Amino acid sequence: MSSIPVSASTEQEWVLPSSGKVSMLCLIAAESVIFAIFVVAYLYYIGKPTSGPTPAEILKVPIIDTICLLSSSLTMHWATRALRHDRIKMFLLLWGITLALGLKFVEGTATNWYWMIHDRHFTISTSLFGTTFYSLVGLHVSHVIIGLTGLSLIFVLGLAGKIKPKHFESVDIFSYYWHFVDAVWVVVFTVVYVISLHGIQV
Amino acid sequence: MVTVDHKKLGLMYIAYGLLFLAIGGAEATIMRIQLALPDMHFVSPEVFSELFTMHGTTMIFFVVMPILFGFANYLVPLMIGTRDMALPRLNAFSFWMTAFGGLLLYYSFIGGDGVYGAGSAPQITWWAYSPLTSRAFSVGNSTDFWTLAILISGVGSVGAGVNIFSTIACRRCRGMTLSKMPLLAWLNWVMAAMVILGISPLTAAQLMLLIDRYLGGHFFDTQAGGSAVIWMHFFWVFGHPEVYILVIPAFAFASEIIPVFSRKVIFGYPIMVAAVLAIAFLSFSVWAHHMFAVDMPSYANAYFVLSSMLIAVPTGIKIFNWLGTIWRGKIIFATPMLFCIAFLFQFLIGGLTGIMLATAPFDWQLNDTYFVVAHFHYIIVGGILFTVFAAFYYWYPKATGRMMDEKLGKLHFWLFLIGFHLTFDFMHVPGILGMPRRIYTYQANRGWGIWNLIVSIGVIFQILGIAVFVYNMIASYVKGEPAGNDPWDAWTLEWSTSSPPPSYNFAELPEVRSRRPLWDLKHPEDPDWSYE
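From a predicted model like this one, the values you see are computed outputs, not experimental measurements.

Cut-offs used in this document
- Residues numbered from 1 in each chain as written.
- Chains lettered and ligands numbered in written order.
- Predicted model: local features only at pLDDT ≥ 70, side-chain atom pairs only at ≥ 80, totals over all residues.
- Helix = DSSP H or I, 4+ residues; strand = E, 2+ residues; numbered from the N terminus.
- Rg over C-alpha atoms; globule rule 2.2 N^0.38 Å.
- Buried ≥ 20, exposed ≤ 12 C-beta atoms within 10 Å, placed from the backbone.
- Contact = placed C-beta atoms within 7 Å.
- pLDDT = per-residue confidence, 0-100.
- Nonpolar A, V, L, I, M, F, W, Y, C, P; charged D, E, K, R; others polar.
- Axes fitted to C-alpha atoms, helices over the stretch in contact; angles between N-to-C directions.
- Parallel < 35°, antiparallel > 145°, perpendicular 65-115°, else oblique.
- Left-handed = near helix turned anticlockwise from the far one by under 90°.
- Expected span 1.5 Å × (residues − 1).

## Overview of the overall build of chain B
What chain B contains, in helices and strands, is 16 helices and one strand. For 532 residues, the compact-globule estimate of 2.2 N^0.38 gives 24 Å, and chain B sits close to it at 23 Å. Seen through its principal axes, chain B has C-alpha atoms that stretch 75 × 50 × 50 Å.

Okay, here's the thing in structure tokens:
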């Protein structure tokens, strides 16, 4: 009785979901909750700080960065599609554009933060608004940077000729993470640059 | 040390949890010595505060969770008929993160105040309410060690949760549809989903606390407009699902063991699954019943009273189904079954005091008293620890190939049962008489003395019980009776392979047609799949 015999009667298909995809979705669920808590703190604290500048006095809406980040999702989608159809050069081109757009986003945030911290002396400890703003945006940017690390790794491997259509699933799973980071930016942008900038109390 | 095998990692998790059980138990014992008589000076007030902080943190994060993850790791792949977890390397990573978290927590005893002040553990309770955790009130580094320990073990827990979830989703053997999974797999699946969603709020809150303490942030700084109450919300939105993360695997053990020792199929399998899904869903909506004393608006109080009471419905369904399983069965009173029967009684009582405390006006009277302490120990010890012991006696033969001694097992059961009831039954009384939690001593004329003495005497029986248990595990490993593949005449897949199972688990991956594949194999004339 060391094993249960396979009965020949039920030779039908037995297909379960890919563990990579399920695990990535689980990770995304866990990350979503972390972001949700930071968003709740941000919303709850709008209008509560007892000192420091208001959002309207300090925030500059990052339109170009936002366009860059959101369009990077599109280029990444096309890139993975190109990989699946074995068009490696097209994949590398689109993947490179995705990487560049992501880097532009981080560069934009860095410039903006430098201006706020260096020129306006507005830091994470200046006020409660500083704490919630830098924490939420910083949490998101740190996820973008993690994503860029993965993007660069795949890009370098691709340039070295190591990425083949058989790696489509891994690359596709990675792309879930990047799309998630983009989707979070939509939420962060709405919360920070639409709701709090216009002084809407929650 | 570098293994990625799910069975070895499972046993490592369990061994690690048992080690910390000894440490957390020692902390509890010192507290009970201090409280046994009025006006004692066995330990100072500061040390007492450190003891209850470390006891709570240790027991939740470094005893119960690792032990339950250990059992999930060991059993889930065997019971769903696969060779390993979906992500074996993540599994090893998760274990070592949890292990490192525990070491970090206890490093605070040495490094809390830097090199000067050895012996300064955090004094913040396991929920670490703000503003007690701010730089002004928690000087030194001990609180930071606590925060980092929870953060890191939380990463390990989420890793384990993701792994268990995707193993069950993606690695079930041929034929094992969702409705044919053993209940243990179902319940651990739900637990894993809750870990993924429930631990993350704590991770976020700990990040905020670190920002406050290290970067001068103001999340919980009331001077700057921050709120201390929002920490409570963030903590308990983790903290209450956490209770169910701990108790659902305990339900899983009971759901496997009770049918085998009643010689009947589990009563109402689909309802059991539905009930646990309802519990998991509701458990995310009840957190503020820990906060009735913070003066929430009355509609908020009413909502949390009602949602908390609603959880009693699916929980009650589960208890009735276990009773329905036992009802008219050929009951075998082996040690695992004894622990499960005690669990049914104790979990019911713990649940009933829970309903009492879920009533806001009642809670206003008894909040922060020993009644609350007695209530949640009834769940965690009387509910969870008893089924964990049952699981030890039930699956020890599978993991080692030898039976645990029945006589010693029964001695362990009775000693621990007596100790448990002496301690936690009588702990309700000083609570009702108004004895607050976390006080390090009390005056003789309060009338709490006799109750506290009985509570402390109970600890002696519990320690004796645990000593018998540890001796039994060691002695049986050396000279226990050989177990064979299937010592309990059970029905799930782990009993179809050898004891201990080979590293590949199954020579040939099994295929199932019902919830009890081994029954089908042993009774080809009357297989389960002709009914399901």
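## Points about the overall build of chain A
Looking only at helices and strands, one finds six helices and zero strands in chain A. Relative to the 2.2 N^0.38 estimate, which gives 17 Å for 202 residues, the radius of gyration of chain A is 22 Å and therefore markedly larger than a compact globule would have. Considering chain A as a whole, with its 202 residues, one finds that 35% of them fall into the buried category. Considering only residue pairs separated by 6 or more positions, chain A has 84% of its internal contacts joining residues 24 or more positions apart.

## Some words on unusual backbone geometry
All names here are of chain B. Note that the residue after Ser130, namely Pro131, is joined by a cis bond; omega there is 0°. Relative to the elements of secondary structure, Pro131 occurs in the loop between strand E1 (112–115) and helix H4 (142–170). The linkage connecting Ser499 with the following residue, Pro500, adopts the cis geometry, with an omega of -10°. Looking at where Pro500 falls in the secondary structure, it is placed in the loop between helix H15 (449–479) and helix H16 (517–522). One non-glycine residue with positive phi stands out, namely Arg263, at about 55°. Mapping Arg263 onto the fold places it in the loop between helix H7 (228–262) and helix H8 (269–283). Here Arg263 falls in the exposed class, since 11 other C-beta atoms lie within 10 Å of it. The backbone of Arg438 sits at a positive phi, close to 65°, despite the residue not being glycine.

## A few points about the confidence of the model for chain B
Averaged over every residue, the pLDDT of chain B is 94; residues scoring 70 or more account for 98%. Reported confidence for the predicted complex is 0.94 by ipTM and 0.94 by pTM.

## Quick word on the interface of chain B and chain A
By a frequent convention, interface size equals the accessible area lost on bringing the separate parts together. With 42 residues of chain B at the interface, the matching set in chain A holds 35 residues. Those elements that provide at least two residues to the side of chain B that touches chain A are H4, helix H5 (183–198), helix H6 (200–215), H7 and H16 of chain B. Element by element, the count of residues in the side of chain B that touches chain A is highest for H6(B), at eight residues. Within the side of chain B that touches chain A, the residues separate by chemical class into 24 nonpolar, 13 polar and five charged.

## Some thoughts on the packing of H5(B) against H7(B)
Residues and elements named next belong to chain B. Interhelical geometry of H5 versus H7 gives an angle of 170° and a closest axis separation of 8 Å. Classified by the angle between their axes, H5 and H7 sit roughly antiparallel to one another. Seen from H5, the contacting residues are Leu183, Leu184, Leu187, Asn188, Val190, Met191, Met194, Val195 and Gly198; seen from H7, they are Phe238, Pro241, Glu242, Tyr244, Ile245, Ile248, Pro249, Phe251, Ala252, Ser255 and Glu256. Along the lines of polarity and charge, the residues of the contact of H5 with H7 split into 15 nonpolar, three polar and two charged.

## Description of the environment of Ala390(B)
Residues and elements named next belong to chain B. Note on placement: Ala390 falls in helix H12 (residues 370–400). Placed 96 residues apart in sequence, Ala390 and Asp486 show a C-alpha to C-alpha distance of 17 Å. Ala390 has contacts with Phe253, Ile257, Pro336, Phe339 and Cys340, leaving out every residue within four places of it along the chain.

## With respect to the environment of Ser135(A)
Relative to the elements of secondary structure, Ser135(A) occurs in helix H5 (residues 128–159). Assessed through the 22 C-beta atoms surrounding it within 10 Å, Ser135(A) is described here as buried. Sequence separation between Ser135(A) and Ile46(A) is 89 residues; the distance between their C-alpha atoms is 14 Å. In contact with Ser135(A), other than residues within four places in its own chain, are Phe38(A), Met208(B) and Ile211(B).

## Focus: the packing of helix H3 (residues 63–84) of chain A against helix H6 (residues 168–196) of chain A
Residues and elements named next belong to chain A. For the pair H3 and H6, interaxial distance at closest approach is 10 Å and the crossing angle is 165°. One finds that H3 runs roughly antiparallel with respect to H6. The two elements H3 and H6 meet at a crossing, and its hand is left-handed. Every residue of H6 that contacts H3 at Thr66, Leu69, Leu70, Ser73, Met76, Thr80, Leu83 and Arg84 is listed here: Phe168, Val171, Asp172, Ser175, Trp178, His179, Asp182, Trp185 and Phe189. For the contact of H3 with H6, the per-class residue count stands at nine nonpolar, five polar and three charged.

## Structural notes on helix H4 (residues 88–119) of chain A
Residues and elements named next belong to chain A. Its 32 residues place the ends of H4 45 Å apart at the C-alpha level, agreeing with the 46 Å of an ideal helix rising 1.5 Å per residue. Buried residues of H4: Phe91, Leu94, Trp95, Thr98, Leu99, Leu101, Gly102, Phe105 and Met116, and no others. Where H4 is buried, its residues touch helix H2 (55–58), H3 and H5. His121, located one to two residues past H4, shows a positive phi value of around 55°.

## Notes on the environment of Phe35(A)
All names here are of chain A. As for its placement among the helices and strands, Phe35 is situated in helix H1 (residues 19–44). Classification of Phe35 as buried rests on a count of 21 C-beta atoms within 10 Å. In sequence terms Phe35 and Leu25 are ten residues apart; their C-alpha atoms lie 15 Å from each other. Aside from chain neighbours lying at most four places away, what touches Phe35 is Leu139 and Val184.

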